Amino acid sequence: MTTDGPCHGVQERLTDAFLAREAPGAEDRAHAEACSACGALRADLRVLADVLDARPLPELGAERAAALRRRATAELSAAAAIRPATAGLPPGYRRELVRLLAWAALPLPAVLLVYAALFRFGAAFLADWLPAALVTAIGAAFALGTASWMALIYGSIPFVAQRAAVRRTAQRMAAATPLDSR
Ligand SMILES: [Zn+2]
């Protein structure tokens with residue numbers, strides 16, 4: 001990717017400017033216009049910047065995380081209000097939790113395998129035309145995005161189990177109560 005002479009420094013600065021989301025310096029811009037190798041790198045970085053701007057990586061923003069937490073808290077207190085007599089976890093919670101965890105863990109190896117393959121393929125593909133530092137940065141962003149979605153999905157399992165246990169108990173109670181005594 002890099003050659004001898006001024007190109008090495010120019011290409012490093014072009015990449016640094018891209019990573020910092022800044023325009024490259026006037027001297028480097030002038031060099032990139034005159035030099036085909038540096039001009040090609042600058043064009044590639046521009047395309048990549050457009051792609052990243054148009055399609056942001058799946059990232060769980062702080063606002064969305066806070067909204068999800070608020071909703072989970074509200075649902076939990078609503079569920080607690082249904083059964084004020086029982087403090088703590090509803091009956092059947094443990095069973096629901098184990099059932100959901102087993103169900104969620106089943107596809108995990110396949111999901112991780114697909115992500116690892118995507119990651120390797122993406123890194124090998126990008127390594128052909130981007131500097132290693134940039135490939136590492138993109139890989140880190142990809143891994144972070146994936147990790148936040150996994151954390152959201154697996155972190156929500158206890159809430160889902162709690163709701164499922166409450167719903168089952170309510171259904172059992174409704175079924176056991178004769179119509180005229182309600
Ligand atoms: Zn050059």
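Quick caveat, the model's predicted, so the values are computed rather than measured. (Residues numbered from 1 in each chain as written. Predicted model: local features only at pLDDT ≥ 70, side-chain atom pairs only at ≥ 80, totals over all residues.)

1. Considerations on the overall build of the chain
Piece 1. Per the secondary structure count, the chain includes eight helices and zero strands.
Piece 2. For the chain, the proportion of its 182 residues judged to be buried stands at 12%.
Piece 3. Taking as baseline every contact in the chain between residues at least 6 positions apart, the subset at least 24 positions apart corresponds to 71%. (Helix = DSSP H or I, 4+ residues; strand = E, 2+ residues; numbered from the N terminus. Buried ≥ 20, exposed ≤ 12 C-beta atoms within 10 Å, placed from the backbone. Contact = placed C-beta atoms within 7 Å.)

2. What to know about the environment of Arg 120
Piece 1. As for its position among the elements, Arg 120 is in helix 6 (residues 108-127).
Piece 2. Expressed as a C-alpha distance, the spacing of Arg 120 and Gly 139, which sit 19 residues apart in the sequence, is 9.4 Å.

3. Some points on unusual backbone geometry
Piece 1. The phi torsion at Arg 21 lies on the positive side, around 55 degrees, for a residue other than glycine.
Piece 2. Along the chain, Arg 21 falls in the loop between helix 1 (7-19) and helix 2 (26-34).

4. Considerations on the packing of helix 2 against helix 3 (residues 36-54)
Piece 1. For the pair helix 2 and helix 3, the least separation of the axes is 6 Å and the interaxial angle reads 110 degrees. Taken together, the axis directions place helix 2 and helix 3 in an arrangement best described as roughly perpendicular. Crossing of helix 2 against helix 3: the hand is left-handed. In this structure, helix 2 contributes His 31, Ala 32 and Glu 33 to the contact, and helix 3 contributes Cys 38, Gly 39 and Arg 42.
Piece 2. When its residues are assigned to classes, the contact of helix 2 with helix 3 shows two nonpolar, two polar and two charged. (Axes fitted to C-alpha atoms, helices over the stretch in contact; angles between N-to-C directions. Parallel < 35°, antiparallel > 145°, perpendicular 65-115°, else oblique. Left-handed = near helix turned anticlockwise from the far one by under 90°. Nonpolar A, V, L, I, M, F, W, Y, C, P; charged D, E, K, R; others polar.)

5. Concerning the nonpolar core
Piece 1. Core analysis: the biggest nonpolar cluster contains seven residues, these being Val 10, Leu 14, Phe 18, Ala 32, Cys 38, Leu 41 and Leu 45.
Piece 2. Secondary structure elements with two or more residues in this core: helix 1 and helix 3.
Piece 3. Dropping the residues within four chain positions of it, Leu 45 is found in contact with Leu 14 and Phe 18. (Core = buried A, V, L, I, M, F, W, Y, C linked by C-beta atoms within 7 Å.)

6. Quick notes on the environment of Gly 122
Piece 1. Position of Gly 122 relative to the elements: it lies in helix 6.
Piece 2. As a C-alpha pair, Gly 122 and Val 135 span 13 residues in sequence and 8.8 Å in three-dimensional space.

7. Quick notes on helix 3
Piece 1. Spanning 19 residues, helix 3 covers 27 Å between terminal C-alpha atoms, matching the ideal 27 Å at 1.5 Å per step.
Piece 2. All of the buried residues in helix 3 are Cys 38, Leu 41, Arg 42 and Leu 45. All buried residues of helix 3 fall inside an arc of 100 degrees around its axis, so they share one side. Of the residues in helix 3, the exposed ones pointing more than 90 degrees away from the buried face are Ser 36, Ala 43, Arg 46, Val 47, Asp 50, Val 51 and Ala 54. (Expected span 1.5 Å × (residues − 1). Arc of directions from axis to C-beta.)

8. Points about the packing of helix 5 (residues 93-105) against helix 8 (residues 157-176)
Piece 1. Viewed as axis vectors pointing N to C, helix 5 and helix 8 meet at an angle of 130 degrees, and their least axial separation amounts to 8 Å. In this view, helix 5 runs oblique relative to helix 8, as classed from their interaxial angle. Handedness of the helix 5/helix 8 crossing: right-handed. Each of Tyr 93, Glu 96, Leu 97, Leu 100, Leu 101 and Ala 104 in helix 5 lies in contact with helix 8, whose residues at this interface are Ile 157, Pro 158, Val 160, Ala 161, Gln 162, Ala 164 and Ala 165.

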